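Below are the chains, spelled out letter by letter.
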Amino acid sequence: MSDASRLPAGRKTDVAKYVAAHGQVTVTALAEHFAVSADTIRRDLDQLDSEGVLIRTHGGAMSSSAIPWHDTGLDDRSRLQPDQKEQIGLTAAQLVEDGSVLFINGGTTTLALVRHLSSRRELIVVTNSLRIPAEISAEACRDLYVIGGHVRLSGQVTVGPVVFASSVSGVATDIRVDLALLGVGAVDAGGISTTNLDEAAMLAQMASRARKVAILADSTKLDRRLFATIGALEIADYLITSAVPSGALGKALAESSVEVLVPDAGHHDKQQDKHRVKEDS
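Residue indices follow the written sequence of each chain, beginning from 1 at its first position. Reporting in this predicted model follows two pLDDT cut-offs: at least 70 for local features of residues, and 80 or more for side-chain atom pairs to be given and counted; totals over whole chains, interfaces and linings ignore these cut-offs and use all residues. Just so you know, side-chain values use all the structure's heavy atoms and leave hydrogens and water out.

Draft legend 1. Focus on the nonpolar core. The biggest cluster of nonpolar side chains holds 35 residues, and the ones touching the most others in it are Leu-182, Val-187, Ile-215 and Leu-239. By the criteria applied, helices consist of DSSP H or I runs no shorter than four residues and strands consist of E runs no shorter than two, each listed in order from the N terminus. Among the elements of the structure, β4 (101-104), β5 (123-127), β11 (177-183), α8 (197-208), β14 (210-216), β15 (228-231) and α9 (247-255) are those that each provide at least two residues to this core. With five residues, the single largest contributor to this core is α8. Residues contacting Leu-239, with those up to four places away along its chain left out, are Val-187, Ile-215, Ala-217, Leu-222, Pro-245, Leu-253, Val-258, Glu-259, Val-260 and Leu-261. Within this scheme, the nonpolar core is defined by two criteria: the residues are buried Ala, Val, Leu, Ile, Met, Phe, Trp, Tyr or Cys, and they are joined through side-chain atoms within 4.5 Å. When a residue's accessible area, from a 1.4 Å probe over protein chains only, is under 20% of the maximum for its type it is buried; when over 50% it is exposed; and in between it is partly exposed. Leu-113, Val-114, Ile-132 and Ile-136 belong to the second largest nonpolar core, which has 23 residues in total. The contact criterion used is simple: two residues touch if any of their non-hydrogen atoms lie within 4.5 Å.

See below:
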């Protein structure tokens, strides 16, 4: 069957695979390759973008794996895997109890999380996100602290040491939290990583000051390694993701006693499947 006679759904799958394989492709090149009109390709790309499969660019499209994460805007990243992030956020919210003290770092998955905390009460939240203060429910949050440091405008976050000085004494005070909810760029058998050295150091500080640590990462971030290591898998108590990890990563998570929580994609309420990765006997 020729590309021109393929059903639209099949062609869109092929377009997505082609963009993923090539990283960045123009509308003209896609139209020629699939022997369809440029308008048809534009419609396919618009729908694939709305589904979070790829990023629509001026004159073409870019795969999510080709995006330079260190300088890609938060709004652009929010268009990738939006359903996965929403379900991960919903699942992560089930770990949060009333009165909890939380670290929540900046990112698109953690923004999805805070939208599901509206029913919680008396939370104390420490964040480096400039967006979370506007997104989190005022009824849920008793106190909110934003970490100081330099501002990364593309990600709308601050990056700096995880420390606060008392407004009364001016003396830096060590802080401890019940749960750190950390969205990250990559998770593989060797550990948890991100693109920026300073950010990696900051997230490591957050993890070290938390009684429990939950790592939030959609399926596109599994079995990947980025530039700066946050820590080994052992720093996490939970990995909340959209697909049960297998192979080397699944084995490493089991050996590190990391509980893997995977949302039930068929439900959009508080019900979810919890999958514990068990070490092979």
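Draft legend 2. Expanded view of the packing of aromatic side chains. Note on aromatic contacts: the rings of Phe and Tyr and the six-membered ring of Trp form a pair at centre separations within 6.5 Å, being stacked when their planes are under 30 degrees apart, edge-to-face when over 60 apart, and tilted otherwise. Here the structure, examined in full by the defined rule, presents two aromatic pairs. Aromatic pair Tyr-18 and Phe-34: ring centres 5.9 Å apart, planes at 75°, arrangement edge-to-face. Of this pair, Tyr-18 sits in helix α1 (residues 8-22) while Phe-34 sits in helix α2 (residues 27-34), placing them 16 residues apart in sequence. Per residue, the accessibility class of Tyr-18 equals that of Phe-34, and both read buried.

Draft legend 3. Broad picture of α8. If you check α8, its first and last C-alpha atoms are 17 Å apart, about what 12 residues at 1.5 Å a residue would give, namely 16 Å. Of the residues making up α8, those classed as buried are Glu-199, Ala-200, Met-202, Leu-203, Met-206 and Ala-207. For α8, the angular spread of the buried residues around the axis is 165°, confining them to a single face. Within 3.5 Å is the distance limit for a polar contact, defined as a pair of N or O atoms, with the added protein rule that one can donate a hydrogen and the other accept it, and that residues adjacent in sequence qualify only through two side-chain atoms. If you check the start of α8, you find a side-chain oxygen 3.0 Å away from the backbone N of Asp-198, and it comes from Asn-196. Expected span of a helix, by definition, is 1.5 Å for each gap between consecutive residues, and there is one gap fewer than residues. Summarising the geometry, the arc corresponds to the directions from the helix axis toward the C-beta atoms.

Draft legend 4. Local environment of the side chain of Ser-256. Secondary-structure assignment places Ser-256 in the loop between α9 and β17 (259-261). Here the side chain of Ser-256 touches Glu-234 through a polar contact of 3.3 Å, side chain to side chain. Among residues more than four places away in sequence, those in contact with Ser-256 are Leu-233 and Glu-234.

Draft legend 5. Focus on the sheet that holds strand β1 (residues 24-26). Strand order in the open sheet formed by three strands is β1-β3-β2, and the pairing between neighbours is antiparallel. Taken across any chain shown, the strands that pair with only one partner, and hence form the sheet edges, are β1 and β2 (54-57). Within the sheet, the average angular offset between the axes of one strand and its neighbour, ignoring direction, is 20°. In this scheme, strands are said to pair when DSSP sees at least two bridges between them. Judged from the four bridges that link them, β2 and strand β3 (residues 60-63) form a sheet pairing that is antiparallel. Note that in β3 the partner of Ile-55 across the bridge is Met-62. A fitted line through C-alpha atoms represents every axis, and for helices the fit uses only the stretch in contact; the resulting angles, taken between N-to-C directions, go from 0 to 180 degrees. Helix-sheet contacts for α1 involve β1, β2 and β3, and the interaxial angle to β1 is about 120°.

Draft legend 6. Molecular detail of the pattern of salt bridges. When a carboxyl oxygen of Asp or Glu lies within 4 Å of a side-chain nitrogen of Lys or Arg, that pair is called a salt bridge. The tally for this structure, following the rule as stated, stands at 12 salt bridges. With its nearest N and O atoms 3.8 Å apart, the salt bridge here joins Glu-122 to Arg-142. Of the two residues, Glu-122 is situated in the loop between α6 (108-114) and β5 and Arg-142 in strand β6 (residues 141-146); the sequence distance between them amounts to 20 residues. When its relative accessible area of 43% is taken as the criterion, Glu-122 is described as partly exposed. A residue is classified by how much of its surface remains accessible, and Arg-142, at 47% relative accessible area, is partly exposed. One salt bridge connects Arg-152 with Glu-199, and the closest N-O pair in it is separated by 3.3 Å.

Draft legend 7. Here's a closer look at the sheet that holds strand β12 (residues 186-188). The sheet built from three strands is open, its strands ordered β12-β13-β15 with antiparallel pairing. Single-partner strands in this sheet number two, and they are β12 and β15. Within this sheet the neighbouring strands show an average axis-to-axis angle of 35°, counted without direction. As defined by bridge partners, strand β13 (residues 191-194) adjoins β15 across three bridges and the pair is classed as antiparallel. The residue of β15 that forms the bridge with Ser-193 is Thr-229. The strands that α8 touches are β13 and β15; relative to β15, the one it contacts most, it runs at about 0°.

Draft legend 8. Highlighting helix α3 (residues 38-50). The terminal C-alpha atoms of α3 lie 18 Å apart, and with 13 residues this matches the ideal 18 Å at 1.5 Å per residue to within 8%. For α3, every residue scored as buried is listed here: Thr-40, Ile-41, Asp-44, Leu-45, Leu-48 and Asp-49. Structurally, α3 contributes buried residues whose contacts are with α1, α2, β2 and β3. One or two positions beyond α3, positive phi appears at Gly-52, with a value near 80°.

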